[in-house]
Amino acid sequence: MIAKLQCVVVDCPDPLALARFYSAVLGWRVDADDSDPGWVWLTDPGTRQRIAFQRVEGEYVPPRWPDPAHPQQMHLDFDVDTREDVERAQREVVALGATFLHDSGGRERGFLVFTDPAGHPFCLCYGQQGAVPS
């Protein structure tokens with residue numbers, strides 16, 4: 001095992017509105033941070049599973065399943081413990097066929113962005129496991 005699934009992130013034009021919609025569907029708690037309106041968590045109070053909603057900057061083009069010209073818009077976040085762990089995990093996922101795109105640059109907490117072999121983005125996050133909203 002290289003990492004643990006942290007959450008699924010759904011791109012959308014209004015993260016709070018979409019989180020409220022799914023909160024009503026699932027009965028989960030909306031965890032919004034006023035300092036970052038572009039990112040909202042939806043948390044299951046029992047299991048602490050999470051879905052994140054991320055604002056798309058610019059023109060939002062909604063998916064039209066199964067139209068490949070308008071594909072689904074989400075990515076996976078995976079947790080590792082530390083910056084050293086993410087550096088090891090980076091070597092491992094690249095060896096499996098991932099392509100490195102971006103490093104947030106944090107020493108204690110941050111993320112690295114990759115694409116999988118089919119071009120889907122995913123993140124390896126570090127220093128965030130203790131940051132689950134209460």
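Since the structure is predicted, the reported quantities are computational estimates derived from the model, not experimental observations.

I would appreciate a short explanation of the side chain of Thr43 in the present structure.
Tracing the backbone shows Thr43 in strand E3 (residues 39–43). A distance of 2.7 Å separates the side chain of Thr43 from the side chain of Asp31, its partner in a polar contact.

Help me understand a nonpolar patch on the surface in this model?
Taken together, the side chains of Phe21, Tyr22, Val25 and Leu26 make up a nonpolar region of the molecular surface, amounting to roughly 370 Å² of accessible area. One can find Tyr22 in helix H1 (residues 15–26). The exposure class of Tyr22 is partly exposed, given its relative accessible area of 32%.

What is the right way to read H1 from this model?
Note that an α-helix has 3.6 residues per turn; residues three or four places apart therefore point the same way. Its twelve residues place the ends of H1 16 Å apart at the C-alpha level, agreeing with the 16 Å of an ideal helix rising 1.5 Å per residue. Turning to H1, its buried residues number three or more, namely Pro15, Ala19 and Ser23. The buried residues of H1 occupy one face: seen down the axis, they fall within an arc of 70°. Facing away from the buried surface of H1 by more than 90 degrees, the exposed residues are Arg20, Ala24 and Val25. On the buried face of H1, the contacting elements are strand E1 (4–12), strand E2 (29–32), E3 and strand E4 (50–55). Directly beyond the C-terminal end of H1, a positive phi value near 75° is found at Gly27.

Sorry, what's going on with the nonpolar core here?
If you look at soluble globular proteins, the nonpolar side chains tend to sit buried side by side. Core analysis: the largest hydrophobic core is formed by eleven residues, namely Ala3, Val80, Val86, Ala89, Val93, Ala98, Leu112, Phe114, Phe122, Leu124 and Tyr126. Grouped together as the second largest cluster of nonpolar side chains are seven residues, Val10, Val40, Leu42 and Phe53 included.

Sorry if this is basic, but what is going on with the sheet that holds E3 here?
The strands that make up a sheet are held in pairs by hydrogen bonds between backbone atoms, and each pair lies either parallel or antiparallel. Reading across from one edge, E2-E3-E4-E1-E5-E8-E7-E6 is the order of the eight strands in this open sheet, with mixed pairing throughout. Edge strands, defined here as strands with exactly one partner in the open sheet, are E2 and strand E6 (99–103). Ignoring which end each strand starts from, the neighbouring axes of this sheet average 25° apart. By the bridge criterion, five bridges tie E1 to E4 in an arrangement that is parallel. The residue of E4 that forms the bridge with Val9 is Ala52. In the packing of H1 onto the sheet, the strands contacted are E1, E2, E3 and E4, and the crossing angle to E3 comes to about 10°.

Honestly, unusual backbone geometry in this entry has me stumped. Any pointers?
Across the chain, the bulk of peptide bonds are trans and the bulk of non-glycine residues have phi less than zero. A cis amide bond links Trp65 to the next residue, Pro66, at an omega of 0°. Here Pro66 lies in the loop between E4 and strand E5 (74–80). In this structure, Arg48 is a non-glycine residue whose phi angle is positive, near 65°. With respect to the helices and strands, the residue Arg48 is situated in the loop between E3 and E4.

Is there a simple way to explain the pairing of E4 in this structure?
On any regular strand, side chains alternate: one points to one face of the sheet, the next to the other face. The pairing of E3 with E4 spans five bridges and is antiparallel. Bridging from a neighbouring strand, Trp41 pairs with Ala52 of E4. Between E3 and E4, which pair antiparallel one after the other, the connecting turn spans six residues, and Arg48 there sits at a positive phi close to 65°.

Definitions and cut-offs
Residues numbered from 1 in each chain as written. Predicted model: local features only at pLDDT ≥ 70, side-chain atom pairs only at ≥ 80, totals over all residues. Heavy atoms only, no water. Helix = DSSP H or I, 4+ residues; strand = E, 2+ residues; numbered from the N terminus. Polar contact = N/O pair within 3.5 Å; in protein donor to acceptor, adjacent residues only side chain to side chain. Patch = residues over 30% accessible without salt bridge, like charges linked within 9 Å, V, L, I, M, F, W, Y side chains within 5 Å. Areas by Shrake-Rupley, 256 points an atom, 1.4 Å probe, with all protein chains shown as cover. Salt bridge = Lys/Arg side-chain N within 4 Å of Asp/Glu carboxyl O. Buried < 20%, exposed > 50% of the residue type's maximum accessible area, 1.4 Å probe, protein only. Expected span 1.5 Å × (residues − 1). Arc of directions from axis to C-beta. Contact = heavy atoms within 4.5 Å. Core = buried A, V, L, I, M, F, W, Y, C linked by side-chain atoms within 4.5 Å. Pairing = 2+ DSSP bridges. Axes fitted to C-alpha atoms, helices over the stretch in contact; angles between N-to-C directions.

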